[in-house]
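Below, each chain spelled out in residue letters.
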Amino acid sequence: MSNIRKLLTVTGLAWLFDAMDVGLLSFILVAIQQEWALSSMQVGWIGSVNSIGLAVGAFTFGALADQKGRKLMLIVTLLVFSIATGLSALTVGFVSFIILRFFVGVGLGGELPVASTLVSERVPKERRGRIIVLLESFWAVGWLIASLLAYFIMPKFGWRITLVVSALTAFYVLVLRRHLPGDKQTSHTSPKPKESIGKKLAQLFHKDHRQQTIMLWIAWFMIMFSYYGIFLWLPSVLVGKGFSMVNSFGYVVIMTLAQLPGYFTSAWLVEKWGRKPVIALFLAGTAIFAMVFGFSDSLTMIMISGMLLSFFNLGAWGAMYAYSPELYPTSIRATANGAAQGFGRLGGILGPLSIGFFLSLHFTFAHIFSVFSVALVIAIVVILTMGKETRGTSID
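What counts, and where the lines are drawn
- Along each chain, the written sequence defines residue order, and numbers are assigned to residues from 1.
- In keeping with the model being predicted, local features are shown solely for residues with a pLDDT of at least 70 and side-chain atom pairs are shown and tallied solely at 80 or more, while totals for entire chains, interfaces and linings include all residues.
- Side-chain descriptors were evaluated using all non-hydrogen atoms of the structure, hydrogens and water having been removed beforehand.
- Angles here are taken between N-to-C directions and fall from 0 to 180 degrees, while the axes themselves are lines fitted to C-alpha atoms, restricted in helices to the stretch in contact.
- Each helix is a run of DSSP H or I of at least 4 residues and each strand a run of E of at least 2, with the numbering of both proceeding from the N terminus.
- Roughly parallel refers to an angle under 35 degrees, roughly antiparallel to one over 145, roughly perpendicular to one between 65 and 115, and oblique to any angle outside these ranges.
- Each crossing gets its hand from how the near helix is turned against the far one by less than a right angle, where anticlockwise is left-handed and clockwise is right-handed.
- The contact definition used throughout considers only heavy atoms, calling two residues in contact when any of these lie within 4.5 Å.
- Amino acid classes used here: Ala, Val, Leu, Ile, Met, Phe, Trp, Tyr, Cys and Pro are nonpolar; Asp, Glu, Lys and Arg are charged; the rest, including Gly, are polar.
- Residue ranges assigned to each domain were obtained from an automatic or database domain assignment.
- Two parts lose some accessible area (1.4 Å probe) when they are put together, and adding that loss for both gives the buried area.
- Only protein chains enter the calculation, and the probe is 1.4 Å; a residue is then buried if its accessible area is under 20% of its type maximum, exposed if over 50%, and partly exposed in between.
- The term nonpolar core refers to a set of buried residues drawn from Ala, Val, Leu, Ile, Met, Phe, Trp, Tyr and Cys, joined through side-chain atoms within 4.5 Å.

1. Points about the packing of helix α9 (residues 210-231) against helix α16 (residues 365-386)
Close contact between α9 and α16 brings their axes to 9 Å; oriented N to C, the two are set at 160°. Between α9 and α16, the interaxial angle falls into the category roughly antiparallel. The chirality of how α9 crosses α16 is left-handed. Residues Q211, Q212, I214, M215, I218, A219, M222, I223, F225, S226, G229 and I230 of α9 touch α16, and the partners they reach there are F369, V371, F372, A375, L376, I378, A379, V382, I383, T385 and M386. Residues belonging to the contact of α9 with α16 are distributed by class as follows: 18 nonpolar, five polar and no charged.

2. A short note on the domain arrangement of the protein
Partitioning the protein into domains gives domain 1 (1-181) and domain 2 (195-395). Taking the mean C-alpha position of each, domain 1 and domain 2 sit 17 Å from one another. Facing 56 residues of domain 1, the contacting portion of domain 2 comprises 60 residues. A combined buried area of about 4900 Å² lies between domain 1 and domain 2, and 70% of that area is made up of carbon and sulfur atoms.

3. Quick word on unusual backbone geometry
Even without glycine at this site, A37 takes up a positive phi of about 55°. Positionally, A37 belongs in the loop between α1 (2-36) and α2 (40-68). We note that H362 has phi near 65°; this positive angle belongs to a residue other than glycine. Assignment of secondary structure puts H362 in the loop between α15 (330-360) and α16. Judged by relative accessible area, which is 71%, H362 ranks as exposed.

4. Description of the nonpolar core
Considering soluble globular proteins, one finds that nonpolar side chains tend to be buried as a cluster. In this structure, I32, F97, W139, W159, L216, L283 and W317 are the most contacted members of the largest nonpolar core, which totals 131 residues. Looking at this core, the element that brings in the most residues is α1, giving 20 residues. Among residues more than four places away in sequence, those in contact with W139 are W15, D18, A19, V22, L112, Y227, Y228, Q259, Y263 and L314.

5. Considering the packing of helix α13 (residues 275-295) against α16
The interhelical angle for the contact between α13 and α16, taken along N-to-C directions, is 170°, at an axis separation of 7 Å. Considering their axes alone, α13 and α16 lie roughly antiparallel with respect to each other. Between α13, through K276, I279, A280, L283, A284, T286, A287, A290, M291, F293, G294 and F295, and α16, the contact on the second element is made entirely by F365, A366, F369, S370, S373, L376, V377, A379, I380, I383 and L384. The residue makeup of the contact of α13 with α16, split by class, is 18 nonpolar, four polar and one charged.

What follows is the structure, given as structure tokens:
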């Protein structure tokens, strides 16, 4: 069990740094919008270009992890997003910032499917789902650290210094090189000639995997569409509801804390009830409280609905990360996991853009958040009707 704890801690900290960077972007968007006098559409494009990078990274590094190994690609992705984050602190305008955010996204998008695949292959089946959800719980800690950096450092030292602090995560590769175990010795690491990336992608739509691939791609698309639309804009939405920037950052810290019990509840239930019912339950909770949040005007209702939105949404993400790698054999697992999340990132592109577009048309937050609720309902239907249950199954 000590080896599992070590694996969870080492990969979890890399996951934490990923979340910290994504979380910081949501706060930095508020600051640079004011500093550079950006329109809502320009702010939406920053979030969306970041998601384009996430999609490219997930596809690319997911496939490379099946070719070159999980450990090496995890190290490379961490370096890519840390260096690009540091360089983005030096930017002086919208164009240069948005270009570097693309490369930050490439590294971030590659890390998540590689890390979840690596961990899923090294944990016994009776604990696998729970451990993967706990791995995802490091995301909440990363967001919490991002919230604290935004609350305490950004007002005093500015968003550039905050990004420099975030870029120090590059040094964590030294820990990964020393303490992360090598790839599990399976058929995909044997001396046999390796299939091309194109052939691996083609296998995802072979009759044995086609239905699960379509299900995952639709589900991840809808989940990321709603998540990035809601959470990248969350501080801005609070400012739009009449709160100051500093107070809005403080409220997001409190909402972020609610993610942790969401993860822990999901981790406990995923081995009790199974993957599909837990994902459906938590997505339903997300849909309900996204709509309530959109309609809320009082601070009390905003905080309650925002905390429950965080609780259910991130619990669903944890269960999805446990579920996705279990649907495929080892030879194409990282490719399939990366491709599903890569396609899902297209939803992450449209989510932030849609809010900027709807706000430019003077839509209310109530109407906008209702759209995200509908997307989540679609994800629930697809998972329950097309997905297969994987609790307790062995993966080769």
